[in-house]
Amino acid sequence: MKRVFAYLLKTAGFAVIYFLAAKLGFLLFAADSAAATVSPASGIALAVLLLGGIRYFPGIAIGAALANFSEGLPLLATLGIALGDTLASMLATWLLHREGFSVSFERLEDALRLLVIGAVASQLLGAAVGTASLALGGVLPAGFMLVWIVWWMGAALGVALITPVLLSWVA
């Protein structure tokens, strides 16, 4: 029972941290794109899953859903964005673990893997699902490709800037 309570408490705490980081990212929206130029939430999400395990994915989903819903987005768009953000971080975590990634950055390959897999590759998924969700929800403010590119770059920058700092701080 204690383990379940501890897990729920940590997941709820992570959802709150993700929510606040996402709200900060909303302040960094690129003009007319509905996408942040830097997404601190993406970096935090990956760090938490790398350190705590994929089992904390509900914190991303809940935090992302609440943050986007609080911005007045339709429910369909909100749920789609939450799904995309969650899947991107889960995919990055799974791929990095599969490649033998070490959170202590003992090797140059670890830093390169984080950048290529965690920042560049996996965030393509989150950006695509998020942009498609805005389009399906009828709230895409600009062209699909513009929003997708800004979203992807913002998420990739969030991972590249925030995740290594958090991982190094904990290690």
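Here goes a summary of the coordinates provided. (Residues numbered from 1 in each chain as written. Predicted model: local features only at pLDDT ≥ 70, side-chain atom pairs only at ≥ 80, totals over all residues. Heavy atoms only, no water.)

**Some words on the overall build of the chain**
Thinking step 1. Scanning the chain for helices and strands turns up six helices and zero strands.
Thinking step 2. In sequence order, the secondary structure elements of the chain are arranged as α-α-α-α-α-α.
Thinking step 3. Its C-alpha radius of gyration of 15 Å places the chain within 12% of the 16 Å reference for a compact globule of 171 residues.
Thinking step 4. Based on the C-alpha atoms only, the size of the chain along its principal axes is roughly 45 × 40 × 25 Å. (Helix = DSSP H or I, 4+ residues; strand = E, 2+ residues; numbered from the N terminus. Rg over C-alpha atoms; globule rule 2.2 N^0.38 Å.)

**Details of the environment of Glu71**
Thinking step 1. By secondary structure assignment, the location of Glu71 is in the loop between helix 3 (57-70) and helix 4 (75-98).
Thinking step 2. The spatial distance from the C-alpha of Glu71 to the C-alpha of Phe105 is 37 Å, given a sequence separation of 34 residues.
Thinking step 3. Ignoring sequence-local partners within four residues, the contact set of Glu71 consists of Lys23 and Phe26. (Contact = heavy atoms within 4.5 Å.)

**Some thoughts on helix 3**
Thinking step 1. Over its 14 residues, helix 3 extends 20 Å from the first C-alpha to the last, a length consistent with the 20 Å expected when each residue adds 1.5 Å.
Thinking step 2. Turning to helix 3, its buried residues are Pro58, Gly59, Ile60, Gly63, Ala64, Ala65, Ala67 and Asn68.
Thinking step 3. Next to the buried residues of helix 3 lie helix 1 (2-26), helix 2 (40-52) and helix 4.
Thinking step 4. Directly beyond the C-terminal end of helix 3, a positive phi value near 85 degrees is found at Gly72. (Expected span 1.5 Å × (residues − 1). Buried < 20%, exposed > 50% of the residue type's maximum accessible area, 1.4 Å probe, protein only.)

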